[in-house]
Amino acid sequence: MKPRKPLVAGNWKMNGGTLANEHLFTGLRASIDRHLMSQVELIVCPPYPYLGQAAAWLGDTDIAWGGQNVASLESGAFTGEVSATMLEDLGCKWTIVGHSERRTLLGEEDETISRKAELALAQKLNVIYCIGETLDERERDITEEVLRQQIERAAPVIASAPAERFVIAYEPVWAIGTGRSATPEQAQAVHEFIRTTMAAMGVQHARQIRIVYGGSVKPSNALALFSMPDIDGGLIGGASLVADEFVAICRAAALG
Ligand code: PGA
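Residues numbered from 1 in each chain as written. Predicted model: local features only at pLDDT ≥ 70, side-chain atom pairs only at ≥ 80, totals over all residues. Heavy atoms only, no water.

### Considerations on helix α9 (residues 184–200)
Right, so step 1: Helix length check: α9, at 17 residues, gives a terminal C-alpha distance of 24 Å against a target of 24 Å (1.5 Å per residue), a fit within 8%.
Right, so step 2: When we look at burial in α9, the residues that qualify are Pro-184, Ala-187, Gln-188, Val-190, His-191, Phe-193, Ile-194, Arg-195, Thr-197 and Met-198.
Right, so step 3: Among the structural elements, β5 (126–131), α7 (135–139), α8 (143–160), β6 (166–170), β7 (210–214) and α10 (219–226) are those in contact with the buried residues of α9.
Right, so step 4: Of the residues trailing α9, Gly-202 is marked for its positive phi of about 95°. (Helix = DSSP H or I, 4+ residues; strand = E, 2+ residues; numbered from the N terminus. Expected span 1.5 Å × (residues − 1). Buried < 20%, exposed > 50% of the residue type's maximum accessible area, 1.4 Å probe, protein only. Contact = heavy atoms within 4.5 Å.)

In structure tokens:
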């Protein structure tokens, strides 16, 4: 048994629609029982327009829902942005921040991301904070340097958050949506590095903070990944769109 309760979050990205979501919610409701929920914390993150639908379908279950992103500002004239208060109003318990697709495609930087995390926490939302290196950075052998910088910017906000309300998602960018997952040993080495680096930067509860892995997690590789001592679950993209696959991954987290 791990000292930390595993957590699995589904990041639907810009996929889905009312009917497809109904199908997915129905599948999740049918297979995820109280026993599984007592062993694993489960979250789904649909696109913003479907958060109300998630509330309607999951409100009477223990499956939580959350945003894929949140604004770095509180409110006002920021066309297209969605605030932490609005997510909270829609029943979200969580939000993802700093996903690599937002970092690389939309130019989000560490300072903005840690500000988002701060605002979300202040608004009673829990945070999944994504970090990870690109293929180029791994090939140049600067993975640890890149992660150290990302953790350094986030350290004050991590240190101020209760352990159960803050999750780090390690997502090597080269493994996201590529079918090419990090090996369990590769991922474990990085997770251990993240934990010791947080502790060295003054995060006193680094041992209690969950660090989940993301990047081509599937039913076939989930158990091997989640069995590693510092891998506390997963952030799941593609496989979270298929109820049976997502449920199989959640079961692997309970066993891991
Ligand atoms: P993937 O995405 O599981 O499709 O690789 C993971 C993520 O981007 O969170």
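### What about empty space enclosed by the protein?
Right, so step 1: Taken as a whole and judged by the stated rule, the model has two cavities of 30 Å³ or more.
Right, so step 2: Lining the largest cavity are Lys-2, Arg-4, Pro-6, Phe-226, Ile-231, Asp-232, Gly-233, Ala-253 and Gly-256.
Right, so step 3: Considered as a void within the structure, the second largest cavity measures approximately 30 Å³ in volume.
Right, so step 4: What lines the second largest cavity is simply Gly-98, Ser-100, Arg-103, Cys-130, Ile-131, Gly-132 and Glu-171.
Right, so step 5: When contributions to the lining of the second largest cavity are tallied by element, the ones reaching two or more residues are α5 (100–106) and β5. (1 Å grid on protein atoms, 1.4 Å probe; cavity = no way out; pocket = protein on both sides within 12 Å on 5 of 7 lines; lining within 4 Å. Points joined across faces, edges and corners; volume = space filled by probe spheres on them.)

### Describing the site of the ligand
Right, so step 1: With respect to spatial proximity, 13 residues lie near the ligand, and among them Lys-13, His-99, Glu-171, Gly-177 and Ser-216 are the closest.
Right, so step 2: In the environment of the ligand, an oxygen atom lies 2.7 Å from a nitrogen or oxygen atom belonging to the side chain of Lys-13.
Right, so step 3: A distance of 2.6 Å separates an oxygen atom of the ligand from a polar backbone atom of Gly-177.
Right, so step 4: Considering the ligand on its own, with 290 Å² of exposed area, one finds that the protein chains cover 95% of that surface.
Right, so step 5: Of the residues in the shell around the ligand, the class split is four nonpolar, seven polar and two charged. (Near = heavy atom within 4 Å. Polar contact = N/O pair within 3.5 Å; in protein donor to acceptor, adjacent residues only side chain to side chain. Areas by Shrake-Rupley, 256 points an atom, 1.4 Å probe, with all protein chains shown as cover. Nonpolar A, V, L, I, M, F, W, Y, C, P; charged D, E, K, R; others polar.)

### Description of the pattern of salt bridges
Right, so step 1: One pass over the full model with this rule turns up 15 salt bridges.
Right, so step 2: Here Asp-60 and Arg-29 are joined by a salt bridge, their closest N and O atoms 2.7 Å apart. With Asp-60 in the loop between α3 (51–58) and β3 (64–67) and Arg-29 in helix α1 (residues 18–31), the pair connects residues that are 31 residues apart, well separated along the chain.
Right, so step 3: Overall, the relative accessible area of 53% leaves Asp-60 in the exposed class.
Right, so step 4: A salt bridge links Glu-118 to Arg-115, with the shortest nitrogen-to-oxygen separation between them at 2.9 Å. One end of the pair, Glu-118, and the other, Arg-115, are both in helix α6 (residues 110–122), three residues apart, so they sit about a helical turn from each other.
Right, so step 5: With relative accessibility at 34%, the residue Arg-115 sits in the partly exposed group.
Right, so step 6: Among the charged side chains, a network of salt bridges with common partners joins Arg-4, Arg-195, Asp-230 and Asp-232. (Salt bridge = Lys/Arg side-chain N within 4 Å of Asp/Glu carboxyl O.)

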